[in-house]
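Coordinates in review
In case you want the letters, here they are:
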Amino acid sequence: MSQELPKTSQLKTYKPTPEQLARWKRLDENDGAIAGRLPPEEEQARIVKEFLHTDFVADQLEKVRAHKDKLLKKLKSAEEYEQLLVEKQQGQS
Amino acid sequence: MNEFSYVIGATRQVRDGLIFWAEKAKEYVDTYYQGDEQNAKETRFYRGITKTRIIVDSLFEKEEGLRSVFDDQNLLASVCIIEQTSIFLEEELVDCIEIESIVNSPWNLIKHLVPEKRKGAATAIIEGIIKENREKRLSRILKLFAVPGEKNFYSDLGFEETNGSGEMILSENKASMLLLDLDQKRNSTAFD
């Protein structure tokens, strides 16, 4: 009966180079990553203040309801257009 | 080495995680900055709050581009918004994935040692994006804009500056090298 060999990853046999070790250490130490453009300082101050001093859940609830209304209007418009096209198609046949 | 699970899209778990981030951000300002966010100004944590808010508000239009990682505590550790785009490389227009915004959780940004902190979240999200695009046979070239204090971090991942504006590119070759490097890290005892 053959014995199952441990997976390579379980053996942990890789010997890193000194450069790799130094880089991995730096990556761990600096792992507070942020990327993407940030607005000017005054705008950041306004955003942070708003974020910390408003009820996040209530604010998001208000925004998601406004977004939902917008999507419902788009859906209604798409349905009306669909109906118009169906009627045109039926008129042609 | 800390391990993270990669999530595509704005799932309920991710939304719940972002609500928890907001609660923790307020708690940290009270605990470590005397309840005044101005005391946190110029810190990574402060910039992270700004970026988190920008991401949360853009989710209504861009939720399909949301990618996240969860840590071993099942806490949301990092989120980003990606978008397919193209870029001129050596006078040729090629497909690439733009990382429009990325931000770690408040506990991974604050300098104080808090129990929730887990190193490696941002690296894990970059690794997840490369692997996802490899599986979908999409471009593995990544583009992002690095704020000045974060350029060294992305350089160590293999990103290269293009024109000094902060725009950085991870080439296909460097993306493959990063995956190999992370496998080697997992396969060594150095960061257990």
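Preceding block: the structure.
The following paragraphs examine the structure supplied in this document. (Residues numbered from 1 in each chain as written. Chains lettered and ligands numbered in written order. Predicted model: local features only at pLDDT ≥ 70, side-chain atom pairs only at ≥ 80, totals over all residues.)

Summing up its helical and strand segments, chain B has six helices and seven strands in all. Of the regular secondary structure in chain B, the N- to C-terminal order runs β-α-α-β-β-β-α-α-β-α-β-β-α. The C-alpha atoms of chain B give a radius of gyration of 17 Å, which matches the 16 Å a tight globule of 192 residues would have. In terms of overall dimensions, chain B has a C-alpha envelope of 50 × 40 × 35 Å along the principal axes. Here chain B holds 192 residues, and the buried ones make up 44% of them. Counting only contacts in chain B whose residues sit at least 6 apart along the sequence, the fraction spanning at least 24 positions is 61%. (Helix = DSSP H or I, 4+ residues; strand = E, 2+ residues; numbered from the N terminus. Rg over C-alpha atoms; globule rule 2.2 N^0.38 Å. Buried ≥ 20, exposed ≤ 12 C-beta atoms within 10 Å, placed from the backbone. Contact = placed C-beta atoms within 7 Å.)

On to the interface of chain B and chain A. Taken together, the contact pairs 45 residues of chain B with 33 residues of chain A. For the side of chain B that touches chain A, the elements supplying multiple residues, two or more each, are helix H1 (12-32), helix H2 (44-62), strand S4 (92-104), helix H3 (106-109), helix H4 (121-135), strand S5 (142-145), helix H5 (151-157) and helix H6 (172-186) of chain B. Top element by residues in the side of chain B that touches chain A is H2(B). It accounts for nine residues. In terms of residue class, the side of chain B that touches chain A is built from 20 nonpolar, 12 polar and 13 charged. (Nonpolar A, V, L, I, M, F, W, Y, C, P; charged D, E, K, R; others polar.)

Another point: the nonpolar core. Ranked by size, the top nonpolar core spans 58 residues in total, and within it B:Ile99, B:Ile102, B:Ile125 and B:Leu142 carry the most contacts. In contact with B:Leu142, not counting residues within four places along its chain, are B:Cys96, B:Ile97, B:Ile99, B:Ile129, B:Leu170 and B:Ala175. (Core = buried A, V, L, I, M, F, W, Y, C linked by C-beta atoms within 7 Å.)

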